[in-house]
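# Analysis of the macromolecular model
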Amino acid sequence: MGTADGEKTLYFRHRSATDREGLLPDKTWDDLNGEALFERVDRTSSAIGRQYLYSLLRYDRVSDVRRCKEVVDGFAADKALREEVRRVLRKLDTPDAYRVIELIDGEDVPPFGWPMGWLYVLQLLPFLSLGLLYVTASAWFVGLLAVSLFANLWIHYRNKSWMQAYFFSIPCLWRLLRQSGQLSQYPFARVIDGKIAGTLQALRPLQQKLSAFRFHVRLESEAALLAWLLVEVLNIVFLREVISVAKAFRLLKGRREELHAVFRFWGMADVLCSVSVLRGELPYYACPEDCCVGETFHADKLYHPLVEDCVPNSLTLDGQSVLITGSNMAGKTTFIRAVGVSVLCGKALDTCFAESFRCLPEAKLCSAIHVEDDLLAGRSLFLQEVQTMKEMLRQSKQGSCLFLLDELFKGTNTVERIAIAKAVLSALAAPGNVVFASTHDIELSGLLAGQYRLYHFCETVADGKLSFDYLLKPGPVTERNAIRIIELYGYPAEVVEEARRCADGGG
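Sequence positions are assigned chain by chain, starting from 1 and proceeding in written order. Since the coordinates come from a predicted model, pLDDT governs what is reported: local features require at least 70, and pairs of side-chain atoms require 80 or more to be given and counted, while whole-chain, interface and lining totals use all residues. The side-chain values count all of the structure's non-hydrogen atoms but skip hydrogen atoms and water molecules.

## Considering the overall build of the protein chain
This is how it is decided: Secondary structure is summarised from DSSP: a helix means a run of H or I of at least four residues, a strand means a run of E of at least two, and numbering begins at the N terminus for each. Throughout this description, buried means an accessible area under 20% of the type-specific maximum (1.4 Å probe, protein chains only), exposed means over 50%, and partly exposed covers the range between. Whether two residues are in contact is decided by their heavy atoms: any pair within 4.5 Å suffices.
If you tally the helices and strands in the protein chain, you get 24 helices and 11 strands. When each of the 507 residues of the protein chain is scored for burial, the buried share is 49%. For the protein chain, long-range pairs separated by at least 24 residues make up 76% of all intrachain contacts whose partners lie at least 6 apart in sequence.

## Observations regarding the confidence of the model for the protein chain
For residues with low pLDDT, the predicted coordinates do not support detailed interpretation. Filter applied, for reference: What pLDDT reports is the predictor's confidence in each residue, on a scale of 0 through 100.
Summary statistics for the protein chain give a mean pLDDT of 86 and a share of 90% for residues scoring 70 or more. Mean pLDDT in the protein chain bottoms out at helix α15 (residues 204-222), which sits at 64, and peaks at helix α5 (residues 47-57), which reaches 98.

## Observations concerning the packing of aromatic side chains
Aromatic ring pairs: the centre-centre distance and the angle between the two ring planes describe each pair. Worth spelling out the cut-off: Stacked, tilted and edge-to-face are the three classes assigned to paired rings of Phe, Tyr and Trp, where Trp is represented by its six-membered ring and a pair needs centres within 6.5 Å; plane angles under 30 degrees give stacked, over 60 edge-to-face, the rest tilted. Cation placement over rings: the criterion is NZ of Lys or CZ of Arg within 6 Å of the ring centroid and within 35° of the ring normal.
A full pass over the atoms with the stated rule returns 16 aromatic pairs. Arranged with centres 6.1 Å apart and planes meeting at 75 degrees, the rings of Phe 12 and Tyr 59 form a pair that is edge-to-face. Of this pair, Phe 12 sits in helix α2 (residues 10-16) while Tyr 59 sits in the loop between α5 and α6 (64-67); the two residues are 47 residues apart in sequence, bridging distant segments of the chain. Judged by relative accessible area, Tyr 59 falls into the buried class, the value being 2%. Look at Phe 75 and Phe 188: their rings are 5.2 Å apart centre to centre, the planes differ by 65 degrees, and that puts the pair in the edge-to-face class. Of this pair, Phe 75 sits in helix α7 (residues 69-77) while Phe 188 is found in helix α13 (residues 188-192), placing the two residues 113 residues apart along the sequence. Look at Phe 75 and you get buried, because its relative accessible area is 1%. Through pairs of rings, three or more aromatic residues link up here, namely Phe 12, Trp 29, Phe 38, Tyr 54 and Tyr 59. When the ring centre of Tyr 59 is taken as reference, the NZ or CZ atom of Arg 15 above it lies at 4.4 Å.

## Here's the deal with the sheet that holds strand β7 (residues 434-439)
As a reminder of what qualifies: Paired strands, in this sense, are two strands between which DSSP finds at least two bridges.
Strand order in this open sheet of 6 strands is β5-β6-β7-β3-β8-β11, and the pairing throughout is mixed. Two strands close off the open sheet at either side, each with one partner strand: β5 (364-368) and β11 (473-474). Relative to strand β8 (residues 452-456), strand β3 (residues 321-325) runs parallel, the two being bridged by 5 bridges. Its bridge partner lying in β8, Ser 321 is registered against Tyr 452.

## Side note on the pattern of salt bridges
Stated precisely, the cut-off is as follows: Whenever Lys or Arg places a side-chain nitrogen within 4 Å of a carboxyl oxygen from Asp or Glu, that contact is recorded as a salt bridge.
Within this structure, the stated rule accounts for 26 salt bridges. Taking the shortest distance from any N to any O, the salt bridge between Arg 99 and Glu 7 comes out at 2.9 Å. Of the two residues, Arg 99 sits in the loop between α8 (79-89) and α9 (100-105) while Glu 7 sits in helix α1 (residues 4-7), which places them 92 residues apart along the sequence. Residue Arg 99 is classed as buried on the basis of its relative accessible area, which comes to 11%. Assessed through its relative accessible area of 5%, Glu 7 is described here as buried. Within the structure, one salt-bridge network assembled from shared partners comprises Glu 7, Arg 99 and Glu 102.

## Quick notes on helix α19 (residues 332-349)
To keep it simple, the criterion reads: Helix span, expected: 1.5 Å multiplied by one less than the number of residues in the helix.
Compared with an ideal rise of 1.5 Å per residue, which puts 18 residues at 26 Å, α19 spans 25 Å between its outermost C-alpha atoms and is within 8% of the ideal. For α19, the tally of buried residues reaches 16 of 18 residues, placing the bulk of the element in the interior. Of the residues one or two after α19, Asp 350 is the one with positive phi, at around 55 degrees.

## So, α7
Test applied: The arc refers to the directions leading from the helix axis to the C-beta atoms.
Listed in full, the buried residues belonging to α7 are Val 71, Val 72 and Phe 75. One side of α7 carries all its buried residues, which in axial view fall inside an arc of 100 degrees. Among the exposed residues of α7, those oriented more than 90 degrees off its buried face are Glu 70 and Ala 77. Packed against the buried residues of α7 are α8, α13 and α18 (256-281).

## What to know about the sheet that holds strand β1 (residues 297-302)
Where we set the bar: Every angle, taken between N-to-C directions, lies between 0 and 180 degrees, and every axis is a line fitted to C-alpha atoms, over only the stretch in contact when it is a helix.
Strand order in the open sheet made by the 3 strands is β2-β1-β4, with antiparallel pairing throughout. A single partner strand is all that each edge strand has here, and the edge strands are β2 (313-317) and β4 (356-359). For this sheet, the mean inter-axis angle between neighbouring strands, taken without regard to orientation, is 15 degrees. Note: β1 against β4, 4 bridges, orientation antiparallel. Directly across from Phe 297, in β4, lies its bridge partner Cys 359. Its contacts with the sheet place α19 against β1, β2 and β4, and it is angled at close to 110 degrees to β1.

## Describing the nonpolar core
Condition: Residues grouped as a nonpolar core are buried Ala, Val, Leu, Ile, Met, Phe, Trp, Tyr and Cys residues, joined through side-chain atoms within 4.5 Å.
In terms of nonpolar packing, the biggest core is built from 99 residues, with Leu 183 and Phe 436 touching the most fellow members. It is α18 that provides the largest number of residues to this core, a total of 12 residues. Dropping the residues within four chain positions of it, Leu 183 is found in contact with Val 85, Val 88, Leu 89, Phe 188, Ala 189, Phe 265, Trp 266 and Ala 269. Among the nonpolar cores identified, the runner-up in size contains 23 residues, and Phe 409, Ile 418, Leu 428 and Val 435 belong to it.

## Observations concerning the environment of Gly 432
You can see Gly 432 is positioned in the loop between α21 (414-428) and β7. By relative accessible area, which is 41% here, Gly 432 ends up partly exposed. Along the sequence, Gly 432 and Gln 398 sit 34 residues apart, while their C-alpha atoms lie 8.9 Å from each other. In contact with Gly 432, not counting residues within four places along its chain, are Leu 360, Gly 399, Ser 400 and Cys 401.

This is the structure:
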C-alpha cells in the first residue's frame, strides 16, 4: 500500500495523467523544496484534503481558493464553525481513505468483468439443483449441485482476493458520500460547488450499494465467529457479496464525473479550512494582487516560511530584472526561493509570505537553482546546465515567465561562464519576463547594468567573527571577504598569503 507520505501524491498522479495544463515542473518543485513546503502549509484534517492540497501546490496556476476567499474569511472569523467542519472532515483521516481516488479512477470491474446475467444464473443454480433433486431424486442433479457450489466457491474467493486492495477503502468512499451530504448543508458549500446537492442526490443509489458492502465488512471484522461463518456460507452459496460488489462497481464506473466532483468538493472544503488555520499561525501574510501600472513585481517584507526567524526584505520592480551578488550563506538563494514560494502559494492558496505582494498574474515559474550532473545518463554538470537553460530560452520567447536562477554555468571556466551567462541572462530578460538571478561573478554587474537592477547580500568580518544581516542592499557587492574568511577558519598562513598574492595579481 505504501506510506501516507507517498499516498498523499495519489490524487496528483491520477490528475496529472490527463490534466497537464499549468503543471509545475518537477525541477521547480524540487528547487523550491516543495515537499518541505507542503509539510509547512498543511493544516488539513482528512486524507482526501491532504491529497487535494498537495495537488494544488503542484500546479502553477490560480486555484479556486481565490474564488472562495469569503469562505476562508468566514472560517477565520467563526472558529467554532471551522472546528465543527473539521470534526466532520476528520472522519476521513484514515490510511484507507487515501485509496478512495483509486476506486474512482480504477479500470477493473469485479468479478473479472463477467456479465451480470451469468452471475444471476449461478446465484439461482443451487436453488434449481435442490428443487430438481427433490422432485426427481436423480443423481445428475447432485452433481449439478456440487458443480454449482464449487463454481460459486471459486468465484467468491477469487473476487475476495481481488477486493483485498479495496477492502476498507470502499467503506471510506461510502463515508465520503455520507459526510459530504452533511457538509453540503452549510451555506459555504454553495460557494465551493453550487451543484453539489444535485450531484450527491444522483449518487444516492451508489451510496446505498456501498452501504450494503460496508455491512459485510463490518460483520467479517467484528462479529463472532459463528455469525461470520453463517454469512460467509450464504455469500458463497448464493454469491450475495459478489453480486453486491459487482453492482456497486458498475454503478461506480458510470458515475465517475459525479464522484470526482464530490472528491473535489470535500478536498476544497478541507483546504479552505487549512488555509484559514495556516494564516492564523503566520506572523503576517498577504493575498496576492495585480501589479500597479508600470510595475512588474512588488514585495513588502517578504520572508521564507521554511526559515525560522527569517529576516524580511522588500523589493519593487518597474520592468527590469534582478541580479544579486554576494558570498555564500549571505542570503542570495534563500531570497530567490522566497520569491518563488510566495508566487506559488499565492496562486495555489491565495496566501503570500509578505505584508503586501504583487506579481504579474500569468507569470509562469521556471527555475534553475539546484542543478547537478547525471552520472547514470552520462551528463556532466555543464551539459545539464546547457540543456536546462536551452529550455528556458525557448520558454522566454512566449513571455510572462518568472525565472529563478542561481549561479549559472558553474560547470565551466570563468571566462566562458561570464560570457555565456551574460548572453543568456540578456535573452531571458525580454519584455514581459522577470528574472531573479544570483552570481559570484561581479563582472556580470557591469555587463548587465542596463537590463538588471543590481542588489547584493554581504557578510561582516569583525573581531575574528563572521556574521550576516541577510538584508538585501542596492548595488553590486563592493567587498571581497573570501580570503579573510579562510584565514578566520584557520587555514595555514602560507596558503592564505599565497591566495592574497594571486588575488592581487602577483601570480
